[in-house]
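Read off the chains here:
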Amino acid sequence: GDRLLTWGLDPAAVVWNAASGEEQCALAGGHTSSITSAWIFPDGKKVITAGLDGSAVIWSASCVAMVRLETRDWLVGVAVLSGGLEVVTAAGRTGALTVWSVASGW
């Protein structure tokens, strides 16, 4: 795609323009602790992040938090499935995988 996604030990991630290397926007305010995983949806219009705070956040292309998925465990992974219709989160303590249905049209 034309966007890159980076994150580190803080509760924010950054979306970059792959061609120019310029920052497009920061994904901040959705997590209270480190982001552990992130994924760009196939349509390029949404991003999902997962964190040690036990949440996964779906962000719009303009980097606005749209949906917050809450779990009782810290998350170590997230992936987008079924062309963006579902996401899966991986819990760190229990190892549980949870599949979430995502509403279309965002």
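Here, the structure is the one placed above.
What comes next concerns the included structure.

Parameters at a glance
Residues numbered from 1 in each chain as written. Predicted model: local features only at pLDDT ≥ 70, side-chain atom pairs only at ≥ 80, totals over all residues. Heavy atoms only, no water. Disulfide = S-S within 2.5 Å. Helix = DSSP H or I, 4+ residues; strand = E, 2+ residues; numbered from the N terminus. Buried < 20%, exposed > 50% of the residue type's maximum accessible area, 1.4 Å probe, protein only. Patch = residues over 30% accessible without salt bridge, like charges linked within 9 Å, V, L, I, M, F, W, Y side chains within 5 Å. Areas by Shrake-Rupley, 256 points an atom, 1.4 Å probe, with all protein chains shown as cover. Salt bridge = Lys/Arg side-chain N within 4 Å of Asp/Glu carboxyl O. Contact = heavy atoms within 4.5 Å.

## Observations regarding the state of the cysteines
Thinking step 1. For the coordinates displayed, the defined rule picks out 1 disulfide.
Thinking step 2. Between the sulfur atoms of Cys25 and its disulfide partner Cys63 the distance amounts to 1.6 Å. In this pair, Cys25 sits in strand S3 (residues 23–27) while Cys63 sits in the loop between strand S6 (55–60) and strand S7 (65–70), placing the two residues 38 residues apart along the sequence. Comparing Cys25 with Cys63, the two get one shared label, buried.

## A look at a nonpolar patch on the surface
Thinking step 1. Together, Leu52, Trp74 and Val76 line one region of the surface with nonpolar side chains, adding up to about 260 Å² of accessible area.
Thinking step 2. With respect to the secondary-structure elements, Val76 resides in strand S8 (residues 75–81).

## What to know about the environment of Leu97
Thinking step 1. Summarising the element assignment, Leu97 is placed in strand S10 (residues 97–101).
Thinking step 2. You can call Leu97 exposed: its relative accessible area is 64%.
Thinking step 3. Between the C-alpha atom of Leu97 and that of Val78, which follows or precedes it by 19 residues, the distance is 9.3 Å.
Thinking step 4. Ignoring anything within four residues of it in the chain, the contact list for Leu97 reads Val88, Thr89 and Ala90.

Coordinates in, geometry out; function isn't part of it.
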